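Letter by letter, the chains look like this.
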Amino acid sequence: MSDWYHSLSQKLQQLSQKVTTDGKRYIRSAVSKGEKLGQKGKIQIELEKLKWELKQKQSSLGKYVAGKKISSSVTDFSHDSQFLDLVNQVHKLQVYIDERRKQRETIEN
């Protein structure tokens with residue numbers, strides 16, 4: 001009877017150690033996945049905000065060009081500093097959006 005009890009006790013200890021080891025691994029994995037999802041979600045929200053801001057800047061640029069064309073029949077904007085500033089803002093924002101997309105893809109992989 002004591003051998004049976006001793007054998008059962010050892011098996012329970014081994015099982016307990018295995019559950020503890022595996023449990024820690026599963027918890028670490030779950031926490032890691034949660035952090036990745038959090039980072040990915042944060043970047044996605046930022047991307048949506050940036051895309052909205054990009055549309056606003058592109059709209060401002062379009063209104064500026066249309067206004068100049070209608071009022072002054074301007075078709076050459078190569079020396080227009082306001083036009084160049086608006087184009088640079090749009091370009092910088094697009095580059096930043098592309099960088100954030102790459103960061104999101106890096107997190108996914």
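Placed above this text is the structure.
Quick caveat, the model's predicted, so the values are computed rather than measured. (Residues numbered from 1 in each chain as written. Predicted model: local features only at pLDDT ≥ 70, side-chain atom pairs only at ≥ 80, totals over all residues. Heavy atoms only, no water.)

## Structural notes on the overall build of the protein chain
Logical step 1: Looking only at helices and strands, the protein chain has two helices and zero strands in total.
Logical step 2: In the protein chain, the share of contacts with a sequence separation of at least 24, taken over all contacts with a separation of at least 6, comes to 69%.
Logical step 3: Here the protein chain displays about 8,900 Å² of accessible surface, and carbon together with sulfur accounts for 56% of that area.
Logical step 4: Across the protein chain, 21 positive and 13 negative side-chain charges occur, with their mean positions spaced 4 Å apart. (Helix = DSSP H or I, 4+ residues; strand = E, 2+ residues; numbered from the N terminus. Contact = heavy atoms within 4.5 Å. Areas by Shrake-Rupley, 256 points an atom, 1.4 Å probe, with all protein chains shown as cover. Lys, Arg positive; Asp, Glu negative; His and termini not counted. Charge placed at Lys NZ, Arg CZ, Asp CG, Glu CD.)

## Observations regarding the nonpolar core
Logical step 1: Counting residues in hydrophobic clusters, the biggest one holds 13 residues, and the most contacted among them are Leu-54, Leu-61, Tyr-64, Phe-83, Leu-93 and Ile-97.
Logical step 2: Those elements that provide at least two residues to this core are helix H1 (2-72) and helix H2 (81-108). (Core = buried A, V, L, I, M, F, W, Y, C linked by side-chain atoms within 4.5 Å. Buried < 20%, exposed > 50% of the residue type's maximum accessible area, 1.4 Å probe, protein only.)

## Structural notes on H2
Logical step 1: For H2, built from 28 residues, the straight-helix expectation of 40 Å at 1.5 Å per residue is met to within 8% by its first-to-last C-alpha distance of 41 Å.
Logical step 2: Along H2, the positions that sit buried rather than exposed are Phe-83, Leu-86, Val-90, Leu-93, Ile-97, Arg-100, Arg-104 and Ile-107.
Logical step 3: Measuring from the backbone nitrogen of Gln-82 back to the side-chain oxygen at the start of H2 gives 3.1 Å, which picks out Asp-80 as the cap. (Expected span 1.5 Å × (residues − 1). Polar contact = N/O pair within 3.5 Å; in protein donor to acceptor, adjacent residues only side chain to side chain.)

## Considerations on the environment of Thr-75
Logical step 1: Along the chain, Thr-75 turns up in the loop between H1 and H2.
Logical step 2: Classification of Thr-75 as exposed rests on a relative accessible area of 62%.
Logical step 3: Placed 18 residues apart in sequence, Thr-75 and Leu-93 show a C-alpha to C-alpha distance of 25 Å.

## Side note on the packing of aromatic side chains
Logical step 1: Taken as a whole and assessed by the stated rule, the structure comprises two aromatic pairs.
Logical step 2: Taken together, a centroid distance of 6.4 Å and an interplanar angle of 50 degrees make the contact between Tyr-64 and Phe-77 tilted. With a gap of 13 residues between them, Tyr-64 in helix H1 and Phe-77 in the loop between H1 and H2 connect regions that are remote in the sequence.
Logical step 3: The buried category is assigned to Tyr-64, whose relative accessible area is 13%.
Logical step 4: The buried category is assigned to Phe-77, whose relative accessible area is 9%.
Logical step 5: One aromatic cluster is present, built from ring pairs that chain together Tyr-64, Phe-77 and Phe-83. (Phe/Tyr/Trp six-rings, centres within 6.5 Å; stacked < 30°, edge-to-face > 60°.)

## Examining the pattern of salt bridges
Logical step 1: Applying the stated criterion across every chain, the model contains four salt bridges.
Logical step 2: For the salt bridge of Lys-49 with Glu-53, the shortest nitrogen-to-oxygen distance reads 3.7 Å. Here the residue Lys-49 and the residue Glu-53 both occupy positions in helix H1, the gap between them amounting to four residues, near one helical turn.
Logical step 3: Close ionic contact of Arg-101 with Asp-98 constitutes a salt bridge, the shortest N to O distance being 3.9 Å. (Salt bridge = Lys/Arg side-chain N within 4 Å of Asp/Glu carboxyl O.)

## Quick word on the side chain of Asp-80
Logical step 1: Inspection of the secondary structure puts Asp-80 in the loop between H1 and H2.
Logical step 2: Within the buried set, Asp-80 has no salt-bridge partner at all; the shortest N-O distance to an opposite charge, 4.6 Å, is to Lys-68.
Logical step 3: There is a polar contact of 2.4 Å between the side chain of Asp-80 and the side chain of Tyr-64.
Logical step 4: Within the local environment of Asp-80, its side chain forms a polar contact with the backbone nitrogen of Gln-82, the two atoms lying 3.1 Å apart.
Logical step 5: Beyond its immediate chain neighbours, meaning those up to four positions away, Asp-80 contacts Tyr-64 and Lys-68.

In short, geometric facts, not functional conclusions.
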